[in-house]
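Residue strings, one per chain:
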Amino acid sequence: MRLRRIFLRLRSLFGRNRVERELANEFAFHLDRQIEENLARGMSASEARAAALRELGGIAQLQEECRDMRRVNLVETVLADVRYAVRGFRRQPGFAILATLTLALGIGASAALFSLVNTVLIRRLPFADPGRLAMIWESDTTGRTPLDTPAPANFADWKARNRTFADMAAGGWVTFNFTGWGEPEQIHGQRVTANFFSLLGVKPAIGRLLAPSDDNLQSGHVAVIGYGWWERRFRKDPRVVGQTVTLNGDPYLIVGVAPAGFQFPASGAQIWVAPGFTQRDFRQRNNHFLFAFGRLKKGVLLEQARADMTAIARRLEMEFSQSNTNIGAAVIPLREYYAGDLKLALTLLLAAVGVLVLIVCANLAHLFLARGAARRREIGMRAALGAGRGRLVRQLLTECVALSLVAAALGAALSTGAFGFLARLIPDSFPAGTELHFDATVFGFTAAIAFLTAVLFGIAPAIQASCIDLNELLKLGSARGSARRFGAQGAMVVTEVGLTVLLLVGAGLLLKSYIRIRNVNIGFRAENLLVLETPLPPAKYSDLARRARFYGEVVEESSKLPGVISAAYVNFPPLTFTGGSSCFYIEGKPRPRLGESPCAFNRVATADYFRTIRVSLMRGRMFDERDDAESPRVLVINQALAHKFWPGEDALGQGVRFGDGGPNQPVYTVIGIAGDVRQVALNATPSPEMYFPATQAGPGGSFFWPHTLVVRTAGNPSAPVGNIRRAIAAVDPNLPVANIRTMNDVLDVQTSGRQTQTVIVSAFAAAALLLASIGLYGVLSYAVAQRKVEIGIRMALGARRGEVIRGITGQAVRWTAFGVMFGLAGAFALTRWFSALFFGVSPSDPFTFAAATLLSFAVAALASFVPASRAASIDPVVALRQD
């Protein structure tokens, strides 16, 4: 009895594997025999058992032997299953190739999209402890401007009064004219606080970065140059450190080179200078132009920092009511700042690729179901020879996993080919080093999705194929018995059609939005329009008369060039930069409460600007030669401003004041009302705007000086670039010309993200439609093959060809109808989540829903035509003979 208990214990420990059972039985036999010998030697029962166990090596040794045998047996079984799967695929190469390519499409699309998500939302940002970094913005508590650039004085108070940030830094964008080293060049840079680099944890490529002592005005100007500019302009000469360069006429000492690829908080900066700000700057509360960021103290949560900054903003509002009324503070995690609106687009793309993967799995599932039905005799013979149900399921799943691994390798290769296209979705503001590549995280995801898809499309066919009735299966003449119902395959076809309709609706809404935004009325004519920048150094062009003379000479010389129709200067052309804004007070109306003064975007232009970009004049007149420095101040406003601040009134002749609106401020008279122009973005409603003549002193400083030349040409806008450069050099040979582009290029930048999203989702929808049609075709073809005898009997009894065709196509129509209903219901619910991505189209647009429905039925009709025709062509005599 004791030996029996030992044996049962071993069985519970080692399971019921054949090798383990043999080892347990053998051990029990030798143990019993050894105990009997020890008892014969005069030992007690306990001594006999202990000695027998010692002589046999103990249970521990037996356990180890059993474990080793179990591992060996498992590996051998798996290898045998793999070899069997490979032989099966060799016998059906067409099936293996089709299944592998279909699965590779789904896995490759998933890996490519995940690499984008990994880059934007997961991969570590190239800064020290980036999780504690946050951008800090001003916010309008009335909701008009959720995020705004801070004023220097507000930033100084934030830094001094907060209790949640270890440190804060700030900077402001600036454009420099680089002279004295060959040809003049325009470079973009940043004036920053001296702790800018140290707060980010950045190390120099050579030399040093900015230090706290660099904020001392007595030490002179110092600069850190960008790695790319150092490489391009100075050929990576290390001797550049310690050299002095001239920027906007002032000398700057180069103290170091930033690391390769460094950019923060957006791309474009090629030089960083200090001292960035003076004590006078940090007393300004009405000039909002900084970007600010900070590092949270250890253990401080983001919500604590937000509450702290909000409390500080409220105190500042009470202390400085003239400037800080309705001005709050917003704290945004650095990752969220970089991702921005892309998070919603990525969610849409991930949902789309998830739907595509489900369609791929459904397609493969009914392919494997059909293959399993064809292999029922083979599986039945294996079961009759002793293979258990679990063993059969494992074999069939091994085939699916092997297929998935091959498809994963092919899909990974396909995904890398899509990286260049997907990279267009990454905002330019992202730091360098965030390029798409196939790293360990993406590899792990690809392996996981391969295993998951193998389970998704393999488990149902494996279980169904293993559920066999040997008595029925082994009957001779079982053709009638094998004519099974196609409930599982039909359910999968319905699923495929429903998911396909979901993708078709999403792609249709995105495509319609893209067409609408490309055809939106932008308020001007973009064709044959060239823009280029010529920033004026403040020290050289501080005099208004000198600036006006420069603008006039360049415009006059450019307008005389061959192929040029007209030219003009403006500070910010449409769709290139939001620009600054100015708050004003309307003459003859009550002064608004603090923080509620009307504001509008500020544009400064020369007289021919409206004619050059073809903006409509609704009423009044545009600028002309009468509007010089000696004449009364004038401005032109757009329709949006006129309707908002003079509703039901005539805005012409109205006067406004800027600054504090007091009597010492000059009055600007509205002389014209221009048509609305989409200045900020194509999908943004035109905002109130005002235009000032460049020949008069408008509100604001050098930030508002016109620096962009806009040229209207008769033909190719890029053709006169060389002549324009020479015309500008003739007026000022030290002035660089930069950022040359056509307005169509600007429009392409505005729509490139939408275009990429539309192409991706449309490609997924097309692939889904193709897979659904293949799936429907395959199921119907298999059904016709299985029902060949039944159809032959029906035709022998008088069934007509049309009746047979209607029967097959009717089944396809029923499956499609159920799928369309499910798909439309899902689309109606889900598209509302992504309504922010649509433009000019409702998330439940009836035309798009109807088009997706009609397309689904049309494809279903085409997919069912060939199987239906084949069924109607069956010869009853031949079919009955086969039975």
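Residues numbered from 1 in each chain as written. Predicted model: local features only at pLDDT ≥ 70, side-chain atom pairs only at ≥ 80, totals over all residues. Heavy atoms only, no water.

Undergrad: I keep staring at the side chain of E533 and nothing clicks. Help me out?
TA: You can see E533 is positioned in strand β11 (residues 529–533). Although E533 is buried, it forms no salt bridge, and the closest oppositely charged side chain is R741 at an N-O distance of 4.1 Å. For E533, the side chain forms a polar contact with the side chain of N739, separated by 3.0 Å. Ignoring sequence-local partners within four residues, the contact set of E533 consists of Q186, H188, H707, T708, P736, V737, A738, N739 and R741. (Helix = DSSP H or I, 4+ residues; strand = E, 2+ residues; numbered from the N terminus. Buried < 20%, exposed > 50% of the residue type's maximum accessible area, 1.4 Å probe, protein only. Lys, Arg positive; Asp, Glu negative; His and termini not counted. Salt bridge = Lys/Arg side-chain N within 4 Å of Asp/Glu carboxyl O. Polar contact = N/O pair within 3.5 Å; in protein donor to acceptor, adjacent residues only side chain to side chain. Contact = heavy atoms within 4.5 Å.)

Undergrad: Just checking my understanding: could you explain helix α19 (residues 544–559) for this structure?
TA: Owing to its 3.6 residues per turn, the α-helix brings residues three or four apart onto one side. Taking 1.5 Å of rise per residue, the 16 residues of α19 would be expected to cover 22 Å, and the 22 Å separating its terminal C-alpha atoms lies within 8% of that figure. Among all positions in α19, only L544, R547, F550, Y551, V554, V555 and S558 are buried. For α19, the buried positions fall inside an angular range of 125 degrees around the axis, keeping them on one side. Of the surrounding secondary structure, the elements contacted by the buried residues of α19 are β12 (564–570), β21 (708–713) and α22 (721–731). The N-cap of α19, judged by a side-chain oxygen 3.3 Å from the amide nitrogen of A545 a few residues on, is D543. (Expected span 1.5 Å × (residues − 1). Arc of directions from axis to C-beta.)

Undergrad: When you look at the pattern of salt bridges in this model, what are you seeing that I'm missing?
TA: It is possible for side chains bearing opposite charge to pair when their charged atoms get close. Following the criterion strictly, the structure yields 23 salt bridges and no others. Of the charged contacts, one joins E527 and R525 as a salt bridge, the two residues approaching to 2.3 Å between their closest N and O atoms. According to the relative accessible area criterion, R525 is partly exposed, its value standing at 43%. Each of R621, D624, R626 and D627 takes part in salt bridges that share partners, so that together they form one network.

Undergrad: I'm lost on the nonpolar core in this one. Help?
TA: The nonpolar side chains of a soluble globular protein tend to be buried with one another. The biggest cluster of nonpolar side chains holds 111 residues, and the ones touching the most others in it are F127, F196, F262 and F264. Broken down by element, this core gets its largest block of residues, 18 residues, from helix α12 (residues 342–374). Excluding residues within four positions of it along the chain, F264 makes contact with F127, M135, Q190, F196, L200, F291, F293, L334 and Y338. (Core = buried A, V, L, I, M, F, W, Y, C linked by side-chain atoms within 4.5 Å.)

Undergrad: So what exactly am I meant to see when it comes to the packing of aromatic side chains here?
TA: Taken as a whole, this structure holds 32 aromatic pairs when the rule is applied. Where F196 meets F291, the ring centres are 6.4 Å apart and the plane angle is 70 degrees; that geometry is what we call edge-to-face. In this pair, F196 is assigned in helix α7 (residues 196–200) and F291 in strand β9 (residues 291–296), connecting sequence segments 95 residues apart. Taking 5.8 Å as the distance between ring centres and 80 degrees as the angle between the ring planes, the aromatic pair formed by F196 and F293 counts as edge-to-face. Placement of F196 in helix α7 and of F293 in strand β9 is noted, with a sequence separation of 97 residues between them. (Phe/Tyr/Trp six-rings, centres within 6.5 Å; stacked < 30°, edge-to-face > 60°.)

Undergrad: I tried to follow the environment of I136 on my own but got confused; where do I start?
TA: If you trace the backbone, I136 turns up in strand β1 (residues 133–140). By relative accessible area, which is 0% here, I136 ends up buried. Sequence-distant contacts of I136, defined by excluding residues within four places in its chain, comprise P150, W158, F165, M168, A292, F293, G294, M309 and A330.

Undergrad: What's the story with the confidence of the model for the protein in this structure? I'm lost.
TA: Any segment with low pLDDT has predicted coordinates that should not be analysed in fine detail. Considering every residue of the protein, the mean pLDDT works out to 81; 81% of them sit at 70 or more. The weakest mean pLDDT in the protein belongs to helix α1 (residues 2–14) at 47; the strongest belongs to β9 at 95. This stretch, residues 7–16, has a pLDDT under 50; its non-local contacts, to residues over four places away or in other chains, come to 18 contacts. (pLDDT = per-residue confidence, 0-100.)

Undergrad: Is there a simple way to explain unusual backbone geometry in this structure?
TA: Among all residues except glycine, the phi angle is most often negative; among peptide bonds, the trans geometry is most common. The omega torsion of the bond from F264 to P265 falls at -5 degrees, within 30 degrees of zero and hence cis. Residues other than glycine seldom take positive phi values, yet D129 does so here, at roughly 45 degrees. Within the secondary structure, D129 is located in the loop between α5 (93–122) and β1. You can call D129 partly exposed: its relative accessible area is 32%.

Undergrad: How should I be thinking about the packing of helix α6 (residues 152–161) against helix α9 (residues 302–319) in this particular structure?
TA: Packed helices, taken two at a time, are described by their axes: the angle between them and the distance between them. α9 packs onto α6 with a crossing angle of 130 degrees between their chain directions and a minimal axis gap of 10 Å. Relative to α9, α6 is oriented oblique. In terms of crossing hand, the pair formed by α6 and α9 is right-handed. Along its contact with α6, which presents N154, D157, W158 and R161, the element α9 presents M309, I312, R315, L316 and E319. When its residues are assigned to classes, the contact of α6 with α9 shows four nonpolar, one polar and four charged. (Axes fitted to C-alpha atoms, helices over the stretch in contact; angles between N-to-C directions. Parallel < 35°, antiparallel > 145°, perpendicular 65-115°, else oblique. Left-handed = near helix turned anticlockwise from the far one by under 90°. Nonpolar A, V, L, I, M, F, W, Y, C, P; charged D, E, K, R; others polar.)

Undergrad: Just checking my understanding: could you explain the environment of E649 for this structure?
TA: Residue placement: E649 occurs in the loop between α21 (639–645) and β18 (655–657). Residue class for E649 comes out partly exposed when judged on its relative accessible area of 44%. Filtering out sequence-adjacent residues up to four positions away, E649 remains in contact with K589 and Q654. A polar side-chain atom of E649 sits 3.4 Å from a polar atom in the side chain of K589.

Undergrad: Is there a simple way to explain the packing of α19 against α22 in this structure?
TA: Orientation of α19 relative to α22, taken along the N-to-C sense of each, is 145 degrees, at an axis distance of 9 Å. As α19 runs across α22, the sense of the crossing is right-handed. Where α19 approaches α22, its residues F550, E553, V554, E557 and S558 are matched on the opposing element by I724, A727, I728 and V731. Of the residues that constitute the contact of α19 with α22, the class distribution is six nonpolar, one polar and two charged.

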